Each structure stands twice: as structure tokens, then as C-alpha cells.
There are 2 protein chains.
Amino acid sequence: MELLGRSDTAVRFRDPQIEMAHGAGGKVSRRLIEGLIVPLLQNPALERLSDAALLDVNGSCVATTADAYVVKPLRFSGGSIGELSINGTVNDLAVSGARPLALMAAFILEAGLPGDDLRREVEAMAHAARRAGVVVVGGDTKVVEHGFADGMYVTTFGIGLVDPRVSLGADKVRAGDKLILSGPIGDHGITILLARGELDLEADLSSDTRPLTPFIDALIATAAPGLRWMRDPTRGGVATALNELVRECKLGVVLHEDAIPVRDEVRGACEILGLDPLHIANEGQFLAVVAPEYADAALAAIRRTPGGERSCFLGEIRSEPARTVVALTAYGGSRVVDMLVGDPLPRIC
Amino acid sequence: MELLGRSDTAVRFRDPQIEMAHGAGGKVSRRLIEGLIVPLLQNPALERLSDAALLDVNGSCVATTADAYVVKPLRFSGGSIGELSINGTVNDLAVSGARPLALMAAFILEAGLPGDDLRREVEAMAHAARRAGVVVVGGDTKVVEHGFADGMYVTTFGIGLVDPRVSLGADKVRAGDKLILSGPIGDHGITILLARGELDLEADLSSDTRPLTPFIDALIATAAPGLRWMRDPTRGGVATALNELVRECKLGVVLHEDAIPVRDEVRGACEILGLDPLHIANEGQFLAVVAPEYADAALAAIRRTPGGERSCFLGEIRSEPARTVVALTAYGGSRVVDMLVGDPLPRIC
């Protein structure tokens, strides 16, 4: 859910036509969203978070989120479009501190899609929904002629109740807070790239798609008062999520380069391709900014949760350099970690 | 929002591949939805209405709805995909007796879409949202390569608060209830057909796309205790909406053939094409079943609302013929009005 972001600097959309990079989640996407869509549709009366919009429903705080899935290919090691469409939306709610109440799913199907392929994806959705403990309560189905889609696209919408114990937002983040990452990065993006077979690479790698709710539940149970901000770094990766954070909180993030968990297969593929793992999409990881007095308990809670063993302290929030993400190496070097520019990996989710 | 319908008869999906008719909203769509999607995703614990799913949020009844828009062409007389994507979702909420709280919008954009076309559609969405008194609070933007979409597709999700004065459902409908239609039918579908230029026909006709909230507000204010069921007859037209009603309520509907409001241009085009106006899509009309003692007040309330002047009593609910929609002519003849079969007018919304 990234249509409406905060727009504290004037951005103008003057591009003559839509390019793939407008969908990549990085700087060019920002120009489209903040330069065109937000100014026209913006509703300043509502508080906006990056991963879900919050609504007041007769005194209850409800989070809503929407995501379109156009991943190519439809199936890949460890997951498929159906599974992503559930987990991705569940995760947007989870990192908003919301427990999913219900999902809806809208399908755009291409004429000629084999019935078995559709069945497989609806089964994957049902399986993922059961695993995440959510229900799909409705939706829509449209069909376009052959040649006007790519098998199928799925858009899911989620609604959840925000846990009253948490109060999240970039404005809650303070210098000295700790940054936690839930596990190895880049698995999803590189898996998709390999599944396309465009590279002469093979690796024993799977997408990390999974529901984040067990981790968020553990975090809230253990460290709710210390939780400041959470995000699932999907398109644009950890680098883009953190750059959005520093832009909103006006502080800086310092990463420990050596602490970044990256599998050898991902690191190898990134080196060959000239990509930074921090820019690669994830579908089962999250970032959390936690007050220092809760940091150890929070990390322990994630590590105790199955699948959270490789979670780590990735860095800290500092007042300087403001609005900047910097990575420090063990040798004392440093580099600025920028947002994703362009679209090296299109249609990743 | 038609993914999950009631499934009181066993339907099986065995089609080898997806065809255009699977998206037309008629019998073939029903086979896909009730034979494949509902059995896999169904959640029997939740009450399901046809136009929106209802959720309990800490004691408040919340309606949610999802619709994908793939209309071709993107613009047509009287509207555009952007306008439809707002009005259609607002209307799904309205006929559920819900006041829209917020919408979300997810875009799938085709690389190469002119920036000005996108700007025009986002402006149309903003205009329609203002007109309907709703806000778009978030969404998503994805881009696919040129050749994998058709300019742009928009999926909108709506969330609304159900008016506590109404209690709608096919199970509330009784023999003797009156059926009201808000105005002339078929304008939208025939307008789209003409806009494609595939027919050597010209007619001074515009889509009826509009928000139904003013009509529903007037109905609720005047006749809330008598309101039994409402529906906006989009894909598949009035005939399909009423066939879904009789299937659910297990009663019959008798239509007065001569009472059906159809503009001459629509009637003429339908005659040439061999189509029944009752099967043609509408985007600004609704059907309401009202208890007889509230029927006159309800019709008067709609007629008093600007744009409701041509609303009428379209027919009645009868116990026989059960599960059937019949049209009676002035000459004493009768015909069974069936659901739409196949897809004479693809990508109408």
C-alpha cells in the first residue's frame, strides 16, 4: 500500500508516459504518486501511514490496505501470486499493528488462462489465508481478452483492527532507537529473477513469502510500549523503506553493513547483477524501530518465534546525518544508502 | 462485488480455460465463482450479501466491497474508467445500506500509457469522489510491460458503515413486496458499445454513471423499515440481478413489461443487436424491493431526488412461479426472463 505517502517536498509529475520504473517503488514511483496521484486524491483530514490507512469506525481504529499483484511468473520457488496476494496484504496490516479482520480479492483474468492455473492460485490463496488466520469475504472477477493481461492479476484489500496497545508512526521515532530486521534480505526478489530464467544462474533459493503476524504478535506482547515504527520492505527493499522513514521522521539511520543478513546465493546474484541487496524486494521480512529500553526484549521475542532465528539489530536512529541512511563498514568506511532508482527487477510482486 | 454469492445448488467448474464469458456476470461467471472460487475461499461464519460483505467491528456493522474496472474504451460519453471506479464502489456500498467511510484504489498501469491519460483519470476519480462525498485514503500502483494490460485497470475497495435503520437481505423479501427501479436501463452498456465504434450506429446517449447515495439517503429517510433488498444492476443487467434475487429468496418476480423504462436509442440498438435491455449493464440505477405499505412513499422519495424522475414500479414479488423472473406484456402474454448467458458486451465496466 504505497499510493499515498507523505509529501513534505513538492514533487511534480511531468513524465510523458508511464514506464516500468513508475511501478518499482523507488524514486520514479514517488514522482508519480506524490506528483500526481496524492495531490489530486489527497485527503488531509485523515492520518496517513505508509502501509495502511487508518480509519475511525465508531471509536475503533481500523486499518485498511490495498495491493495489486502482477508478479511474473505466476509461480516461483516458495510461492505464487495467490500466496503473495494474501501474505502481502496480511503483512501490510500486521506492520500497522493491526490484526486482520477480513480480506477481499479482485481478479483480472486473461482469456485463455488454463482453468487449472486459476484453481491452483485460488487454492494457494485459501491455504495462505488459513495459515494467516484470515478469511476472504468477497471480491470481484473480471476477464479481459487474450493479450491484455498476463495470465492473471490479483488485487487484495485488507481490513484490520489496530491493537490498542501500539501507537506507530515515523513521528514517534527518536534518536537512539534501535532498528531490528527480521531475517535475511533479498530472497524474494532474486528468486523471482531466477524463476524468469533470464539469467544463466542457478541457486537453491526460495521466496521468503510468509505471514508476519506471529512475529508482530510476539513483538506486541513483549514490547508494545517501545514499538515506534514497522514496515515490510517489499518493492524497493530495505533501502527504500528506510529512506521513506528518514524523510518522514527527519532523523538519520545508521546501518551496520556487516550486520545485514544476506544469504550467499543472494549476495552472489547481486554481485553479478550489480545490485545492492538493500534494494531487493522481500515478502516475509519486516523492519521495526524500537525504543532502546525495549530493544533486547523485542529482538528476543522475534528470535523465539519460529522463522525469526536470524533477526538482528540492523542499526540505530541518529539525529545526524538527518534525512539520510548511511551504512558503516567494519573497516570504518561509510556509504550513503539511497532509494531505488529505476526498475532493475520489474513485476516482483 | 460478486465474487462470493450464495451457493444453494452445487455448481462445478470444469472449464479448461478462462473465456470472456467468465467475466460477464451471467451464468458462466456463476459457474466460475460458485464452482471454484467460493468453495475454496468460502467462510461460512460470515453473513454474505451479494453486493458487499458485512463485518462486525466492535459492534458496528461495516460493509466492504471490491470491484475491478477494465472498461474499454477508457473514456466514453458521460464517463470514464476513473469515474466508474469511484461510483461503482460507492454504489455497491449504498445498495448495502452503507454510508461510504473511505475508498482505496489500486492501479495496474501499462507501460506507454500517456501521462495525460492517467492524470485525466485520477482527476475523474477525484471529481467523482467529491461528488459522492467520499475520500480515497490509500491504494497501490503497479506497472506492467506494454502489451500486458490495456492502458490501465483500476480496482477500488470501499468500506462503509451500515445504517442501523435498515436490515436488507434476500431473506427479508416477502410475496406482495413491490419492486422499484430508479430510471431508464441499458444506457451504460449501449454507450460503451457505441464508443467502441464496432457498430455502424450513432445515438445521442451517455452512460448513466452517477453516485446512488442521494437516492438511497432519501429512501432510508422515508421508508427504512420497509426496505427489504437493494441492488445496482451492473454486469448482466436487471435480469441477472433479479434472477440472483429469486434464487436466494426462493420466490418469484413478476415484471410489467410495459413499465420498463428504456430510452428509444437503447431500445433501437438492442433490437438491431438482438439483445434484451434487461441484460444490459447500468452504472447509475438501482432496484429496491419495498414492503407494500412503504412502496408509494419510497417511490415518491426517489422521484423527488434530482435524477430520479423516471423511477417506477417495475413489478412485484409473488410466491409463484418460485425462483423465476417473468415479464407480463400488456397483451396478456408472458415470458421468462433468464440470466445473461455468454458475454455479448465484454469489458463493460
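Above this text sits the structure in question.
For the structure given in this document, a descriptive report is provided here. All values reported here derive from a predicted model rather than from experimental measurement.

Taken together, the contact pairs 79 residues of chain A with 79 residues of chain B. Of the roughly 6900 Å² buried between chain A and chain B, counting both surfaces, carbon and sulfur atoms make up 70%. Looking at the side of chain A facing chain B, the largest losses of area belong to I18(A), L41(A) and K142(A), adding up to 9% of the total buried there. At the boundary of chain A and chain B, one finds 4 salt bridges.

Before going further, it helps to examine the environment of A259(B). Residue and element names in this part refer to chain B. Inspection of the secondary structure assignment puts A259 in the loop between β10 (252–256) and α7 (264–273). Separated by 51 residues in the primary sequence, A259 and R310 have C-alpha atoms spaced 11 Å apart. Those residues in contact with A259, other than ones at most four positions away along the chain, are C312 and F313.

The next thing to look at is the relation of the copies chain A and chain B. Of the two same-sequence chains, chain A is brought onto chain B (RMSD 0.0 Å, axial shift 0.0 Å) by a rotation of 180°. The symmetry that links the two subunits is that of a two-fold axis. A symmetric contact is evident, with 99% of the interface residues of chain A recurring at the interface of chain B.

This part is about helix α5 (residues 213–223) of chain B. Think of an α-helix as 3.6 residues a turn; residues three or four steps apart then line up on the same face. When α5(B) is considered as a whole, its buried residues turn out to be T213(B), F215(B), I216(B), A218(B), L219(B), I220(B) and A223(B). Buried residues along α5(B) sit in contact with α2 (81–94), β5 (98–110), α3 (115–132), β9 (227–231), β11 (287–290) and α8 (292–304) of chain B.

Time to look at the sheet that holds strand β14 (residues 334–336) of chain A. Residues and elements named next belong to chain A. Taken together, the 7 strands give an open sheet; going across it, the order is β9-β11-β8-β12-β10-β13-β14, and neighbouring strands pair in mixed fashion. Because the sheet does not close on itself, it has two edges, and the strands there are β9 (227–231) and β14. Strand-to-strand twist in this sheet, taken as the mean axis angle between neighbours without regard to direction, amounts to 25°. Looking at chain direction, strand β13 (residues 325–328) and β14 are connected through 3 bridges and run antiparallel.

Calculation notes
Residues numbered from 1 in each chain as written. Chains lettered and ligands numbered in written order. Predicted model: local features only at pLDDT ≥ 70, side-chain atom pairs only at ≥ 80, totals over all residues. Heavy atoms only, no water. Contact = heavy atoms within 4.5 Å. Buried area = accessible area lost by both parts, 1.4 Å probe. Salt bridge = Lys/Arg side-chain N within 4 Å of Asp/Glu carboxyl O. Helix = DSSP H or I, 4+ residues; strand = E, 2+ residues; numbered from the N terminus. Least-squares fit on C-alpha atoms with pLDDT ≥ 70 in both. Buried < 20%, exposed > 50% of the residue type's maximum accessible area, 1.4 Å probe, protein only. Pairing = 2+ DSSP bridges. Axes fitted to C-alpha atoms, helices over the stretch in contact; angles between N-to-C directions.

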